[in-house]
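Okay, here's what each chain looks like letter by letter:
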Amino acid sequence: MKVAIGCDHIVTDIKNHIKEYLENRGFEVVDCGTYDFERTHYPIYGKRVAEKVVTKEVDLGVVLCGTGVGITNAVQKVKGARCALVGDVAAAVYAKEELNCNIIGVGGRVSGIGMIEDIMDAYFAAEYKPTDENKELINKIDNLIDRTDYIGDDHFFDEFLEKWDRGEYHD
Ligand code: RB5
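Residues numbered from 1 in each chain as written. Predicted model: local features only at pLDDT ≥ 70, side-chain atom pairs only at ≥ 80, totals over all residues. Heavy atoms only, no water.

For helix 2 (residues 42-54), built from 13 residues, the straight-helix expectation of 18 Å at 1.5 Å per residue is met to within 8% by its first-to-last C-alpha distance of 18 Å. Among the residues of helix 2, those classed as buried are Tyr-45, Gly-46, Val-49, Ala-50 and Val-53. Projection of helix 2 onto a plane perpendicular to its axis shows the buried side chains occupying an angular sector of 130 degrees, all on one side. Those residues of helix 2 hidden inside the fold are in contact with strand 1 (2-7), strand 3 (60-65), helix 3 (69-76) and strand 5 (103-107). Just past helix 2, the residue Lys-56 takes up positive phi, approximately 65 degrees. (Helix = DSSP H or I, 4+ residues; strand = E, 2+ residues; numbered from the N terminus. Expected span 1.5 Å × (residues − 1). Buried < 20%, exposed > 50% of the residue type's maximum accessible area, 1.4 Å probe, protein only. Arc of directions from axis to C-beta. Contact = heavy atoms within 4.5 Å.)

In this section: the site of the ligand. Near the ligand you find Asp-8, Ile-10, Tyr-42, Cys-65, Gly-66, Thr-67, Val-69 and Gly-70, and these make up its full shell. Within the contact set of the ligand, an oxygen atom lies 2.6 Å away from a side-chain nitrogen or oxygen of Thr-67. Across the complex, the protein chains shield 75% of the 290 Å² of accessible surface that the ligand would expose by itself. (Near = heavy atom within 4 Å. Polar contact = N/O pair within 3.5 Å; in protein donor to acceptor, adjacent residues only side chain to side chain. Areas by Shrake-Rupley, 256 points an atom, 1.4 Å probe, with all protein chains shown as cover.)

This part is about the packing of aromatic side chains. This structure, assessed with the given rule, holds two aromatic pairs. A ring pair is formed by Phe-27 and Phe-124, whose centres lie 4.7 Å apart and whose planes are at 50 degrees; its orientation type is tilted. Of this pair, Phe-27 sits in the loop between helix 1 (12-24) and strand 2 (28-31) while Phe-124 is found in helix 5 (residues 113-125), placing the two residues 97 residues apart along the sequence. The same class applies to Phe-27 and to Phe-124, which are both buried. Here the aromatic rings of Tyr-123 and Phe-124 are separated by 5.0 Å at their centres, their planes lie at 75 degrees, and the arrangement is edge-to-face. The burial state of Tyr-123 is the same as that of Phe-124; both residues are buried. Ring-pair connections join several aromatic residues into one group, and the members of that group are Phe-27, Tyr-123 and Phe-124. Lying across the ring of Phe-156, Lys-140 places its NZ or CZ 4.6 Å from the centre. (Phe/Tyr/Trp six-rings, centres within 6.5 Å; stacked < 30°, edge-to-face > 60°. Lys NZ or Arg CZ within 6 Å of the ring centre and 35° of its normal.)

Here you go:
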């Protein structure tokens with residue numbers, strides 16, 4: 001499996017560690033930078049990773065910044081990217097199994113290195129489990145990116161809320 005990885009200058013050392021961690025487990029890792037600790041801007045590296053994923057140059061992506069918040073926000077702006085900011089194993093598994101997230105984000109300053117390694121193991125081992133419900137949800141999420149006519153539309157989720165009221169969702 002081919003994986004793109006990117007980070008900002010705050011967590012370059014953590015990025016390097018995770019790159020090596022993944023390589024030791026047989027992944028081919030494309031390092032999209034940043035490569036040192038000189039101040040830079042995380043959207044650059046989020047965009048690079050996301051573009052490699054959505055153009056299928058790589059299979060999946062990993063992004064890191066201090067909290068993970070900034071870079072995951074940047075990633076989400078690239079059409080076709082579905083990124084989850086993850087701080088524990090349960091969320092990593094959910095991201096892949098339920099939402100088929102093609103990029104995972106972690107906060108190198110806020111999650112311990114052991115947790116980040118466990119998150120990597122869990123995310124890459126998990127497989128998307130398609131259901132009619134999650135396929136519909138993913139489609140809805142993807143359409144949010146494509147469309148602007150939902151802005152101000154208070155009824156955009158009515159169909160889903162009605163299903164919720166009817167007890168069609170499991171949680
Ligand atoms: C530094 O740019 C810091 O803001 C960044 O690493 C990250 O924590 C943002 O979410």
